[in-house]
Amino acid sequence: MLSLQRSSTFLAREQRLSSYRDLTGTYRSKRRDVSVSVRSSGGGERTTRASASASASAAAAARGIVMESTNGSVIKEVVDRKSTVGGGVQDAYGEDRATEEQLVTPWSVTVASGYSLLRDPHHNKGLGFTEKERDAHYLRGLLPPVVATQELQERKAMHNLRQYEVPLQRYMAMMDLQETNERLFYKLLIDHVEELLPIVYTPTVGEACQKYGSIFKRPQGLYISLKEKGKILEVLKNWPEKKVQVIVVTDGERILGLGDLGCQGMGIPVGKLSLYTALGGLRPSACLPITIDVGTNNEKLLKDEFYIGLRQRRARGQEYAELLEEFMSAVKQNYGEKVLIQFEDFANHNAFELLEKYSKTHLVFNDDIQGTASVVLAGIVAALKLVGGSLADQRFLFLGAGEAGTGIAELIALEMSKQTNAPLEECRKKIWLVDSKGLIVSSRVESLQHFKKPWAHEHEPVKTLLEAVQAIKPTVLIGSSGVGQTFTKEVVETMASLNKKPLILSLSNPTSQSECTAEQAYTWSEGRAIFASGSPFGPVEINRKTFLSGQANNAYIFPGLGLGLIMSGAIRVHDDMLLAASEALASQVAQENFDAGLIYPPFTNIRKISAKIAAKVAEKVYDLGLASHLPRPENLEKFAESCMYTPIYRNYR
Ligand SMILES: NC(=O)C1=CN([C@@H]2O[C@H](COP(=O)(O)OP(=O)(O)OC[C@H]3O[C@@H](n4cnc5c(N)ncnc54)[C@H](OP(=O)(O)O)[C@@H]3O)[C@@H](O)[C@H]2O)C=CC1
Ligand SMILES: CC(=O)C(=O)O
Ligand SMILES: [Mg+2]
């Protein structure tokens, strides 16, 4: 322990020597090499001997953004602490001192070394530790003699993973890797994104949530239940990372299309945040998954002896609102107003209200309403190249008028209104929605939930989707019902009889809830459908012709959107930022993708795409005067790229 503290002091002194303040007050680093991380008594991570002081890096540092350079070296804590939420104060050398508040936090971690270094997922490299590192960090004897490159470790990990035939086993193996060697986990995910996305995300994450009680091993995020009422700020302080930039929070009531999974919904924030890092380049330590547990109405879970949540029915009304209010205030108090909060998989009766309430006071967005809208609009705009006509020339029909359905509908109408200068009201009239009671029409308006009311157009009542397709004659059919197999053969055939190239999007997740499969869409439309789905489908062969389908999933949007908001220091989310994200994504569909019938670019390029999305979003943030990170970088795309976390191992001195 003594040696650890000594080493911590030494490294702190090193940092004092290695960084200096330039005339603008920005901390700049003189050194190129990197060493191990140190956690201050305030819990924040420090890395000494920070990397090169490229101007983009320094600019990012001044904004409190932790950046990584491509050679795997790291700049951390070379930041203006005054602009860094939850940070300490600086002495004359610019050295960070913990605030009084930080000193009383339970975290007083020092340099990890030896046995504990191997058990610290943030710094562990397993067999990747070099001979020198093994000497310097008390690792001799704790590892077998071989020194493996990260590439070899990656090949081995992929080989081992592929031995599992059951997707849930692969999911568990990936979670184990994340918990033992975080950088290797992200290297795998980034390098094999198409293969691993269906494992760490939909569809497998859905099954993982259903069985979360049985497979739960270690906390991967924070659980805030009714038991913590009145103590949420204290609970937030139990989380070891102090410089959180993005929170994904759920209350587990509408997990994918699987319904109320209560506390076991935790798999969703964990999965979404792993994509923030892998796809959007946010540091893992900046990401905080949170599940709010107010009970569950899932009888099966309430009776399940392995259930990990509160064994009570859901709190509603004032009790619920008070817990959420305490949570939202505590987050702001602990992390400041620039922390991004993503609402995920709340049931719609809470989702719209929470968004409406907190979008005025916090940096929040609802992924199911807004992220989904942005990705689907991008797909539709791209698809116009294949189906022909403008956005305003299309007629839209949705099955499902909840968060996803009405969120997408509204963004389409907004974009249409911008393109044509027609009033929003007029544009909405081209969009029709069906819910569990049939087509939404004006005669139903009194009994409709508020978010459905704008879509209650004049029409006689229509009961079924098939009748609605026949009556409305849509060019675009969108499934957002959460119910599988609802795009029947008759429905798809009718779409194909009405359109040369019907655009059909089965958004519901996971795969079991998809409104139809890719094979059904292509077979029933005789290969003419343009099809994309929320969960991925493999290639389909019909009459010796292969059909591919894209994944219309908000995973294309939220990582880049989040990066753009964070790098510009946005203080609020605005619809124009979602439109900007959508436009950026649509512009990334290449001719070869269109030639293959695709309306989204492949996920293999997602980090580049995320940087472009981030740049467009940040541009909008600056244009709208909602940015707090000034001055605005000249090249936002390059800046976004330079901010991205890379999973390459760092060298430890
Ligand atoms: N691909 C992606 O990126 C995303 C996909 N989704 C998926 O979309 C689905 C819905 O999510 P969300 O909108 O948040 O859920 P909501 O619960 O908010 O909305 C579901 C809607 O579907 C309607 N519905 C349910 N069953 C039927 C049925 N048999 N026939 C017609 N309508 C029906 C409901 O009707 P009523 O209002 O009458 O109850 C409601 O309007 C989920 O499966 C989710 O996984 C969600 C977000 C993103
Ligand atoms: C993708 C997503 O956010 C959902 O299905 O809820
Ligand atoms: Mg969701």
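Note on numbering: residues in each chain are counted from 1, in written sequence order. Written order decides the labels, with chains lettered from A and ligands numbered from 1. pLDDT decides what is reported in this predicted model: residues at 70 or higher carry local features, side-chain atom pairs at 80 or more are listed and counted, and totals for whole chains, interfaces and linings draw on all residues regardless. As a rule here, side-chain values come from all non-hydrogen atoms in the structure, and water together with hydrogens is ignored.

A. Quick peek at the site of ligand 1. When we say a residue is near a molecule or strand, we mean one of its heavy atoms is within 4 Å of it. The immediate surroundings of ligand 1 are formed by 26 residues, with Arg254, Asn348, Ala401, Ser436 and Lys452 found nearest. Between ligand 1 and the protein, one listed contact pairs an oxygen atom with a side-chain N or O atom of arginine 254 at 2.8 Å. The accessible surface values rely on the Shrake-Rupley method and a 1.4 Å probe; as for residues, cover is taken only from the protein chains in view. Bound to the protein, ligand 1 loses 83% of the 930 Å² it would expose on its own. A run of DSSP states H or I qualifies as a helix once it reaches four residues; a run of E qualifies as a strand once it reaches two. Both are numbered from the N-terminal end. Every element with two or more residues in the shell around ligand 1 is listed here: α17 (367-387) and α18 (403-420). The residue inventory of the shell around ligand 1, partitioned by class, reads seven nonpolar, 14 polar and five charged. Polar contact criterion, stated in full: a pair of N or O atoms within 3.5 Å, where within protein one must be able to donate a hydrogen and the other to accept it, and residues adjacent in sequence count only if both atoms are side-chain atoms. Three categories are distinguished: nonpolar for Ala, Val, Leu, Ile, Met, Phe, Trp, Tyr, Cys and Pro, charged for Asp, Glu, Lys and Arg, and polar for the others, with Gly belonging to the last.

B. Here's a closer look at the UniProt feature "active site" (unreviewed entry) in the protein. UniProt positions are given in the numbering used here, feature names are shortened, and annotations may be inferred rather than shown by experiment. Mapped onto this numbering, the UniProt entry annotates "active site" (unreviewed entry) at Tyr201 and Lys272. Spatially, the listed residues are clustered: although they cover 72 residues, their C-alpha atoms lie within 7.3 Å of one another. Relative to the helices and strands, tyrosine 201 is located in the loop between α9 (193-200) and α10 (204-210). Each residue is placed in one exposure class: buried if its accessible area under a 1.4 Å probe, protein chains only, is under 20% of its type's maximum, exposed if it is over 50%, and partly exposed if it falls in between. By relative accessible area, tyrosine 201 is classed as buried at 5%.

C. Representation of the pattern of salt bridges in the model. In the sections that follow, a salt bridge refers to a side-chain nitrogen of Lys or Arg positioned within 4 Å of a carboxyl oxygen of Asp or Glu. This model, assessed by the stated rule, comprises 32 salt bridges. A salt bridge links glutamate 154 to lysine 187, with the nearest nitrogen and oxygen atoms 3.2 Å apart. With a gap of 33 residues between them, glutamate 154 in helix α6 (residues 150-163) and lysine 187 in helix α8 (residues 182-191) connect regions that are remote in the sequence. Of the residues examined, lysine 187 reaches a relative accessible area of 9% and is grouped as buried.

D. Looking closely at the coordination of the magnesium ion (ligand 3). Summarising the metal site, the magnesium ion (ligand 3) is bound by the protein donors Glu344 (OE), Asp345 (OD) and Asp368 (OD), whose distances to it range over 2.0 to 2.1 Å. Each metal site lists N, O and S donors within 2.8 Å (3.2 Å for Na, K and Ca). With water left out of the atoms, a site can look as if it is missing ligands. Within one chain, the residues serving as donors to the magnesium ion (ligand 3) are arranged as E-D-x22-D. In this pair, glutamate 344 sits in the loop between β12 (340-343) and α16 (348-358) while aspartate 368 sits in helix α17, placing the two residues 24 residues apart along the sequence.

E. Representation of the UniProt feature "binding site: a divalent metal cation" (unreviewed entry) in the protein within the structure. The positions that UniProt labels "binding site: a divalent metal cation" (unreviewed entry) are, in the present scheme, Glu344, Asp345 and Asp368. These annotated residues cover 25 residues of sequence, and their C-alpha atoms all fall within 6.8 Å of one another, placing them together at a single site. Excluding residues that lie within four positions of it along the chain, glutamate 344 makes contacts with Val248, Val249, Thr250, Asp251, Ile268, Lys272, Asp367 and Asp368. Whether two residues are in contact is decided by their heavy atoms: any pair within 4.5 Å suffices. Those residues within four positions of aspartate 368 in sequence are excluded, and the remaining contacts are Arg254, Phe343, Glu344, Asp345, Phe346, Glu403, Ala404 and Asn554. Polar contacts involving the side chain of aspartate 368 include one to the side chain of arginine 254, which spans 3.1 Å.

F. View of the sheet that holds strand β18 (residues 503-506). Should DSSP find at least two bridges between two strands, the strands are regarded as paired. The strand order across the open sheet built from seven strands is β16-β15-β14-β17-β18-β19-β22, with neighbouring strands paired in mixed fashion. At either end of the open sheet lies a strand with only one pairing partner, and these are β16 (438-439) and β22 (550-551). Here four bridges tie strand β17 (residues 476-479) to β18, and the two strands are oriented parallel to one another. Along β18, the bridge assignment pairs leucine 477 with isoleucine 504.

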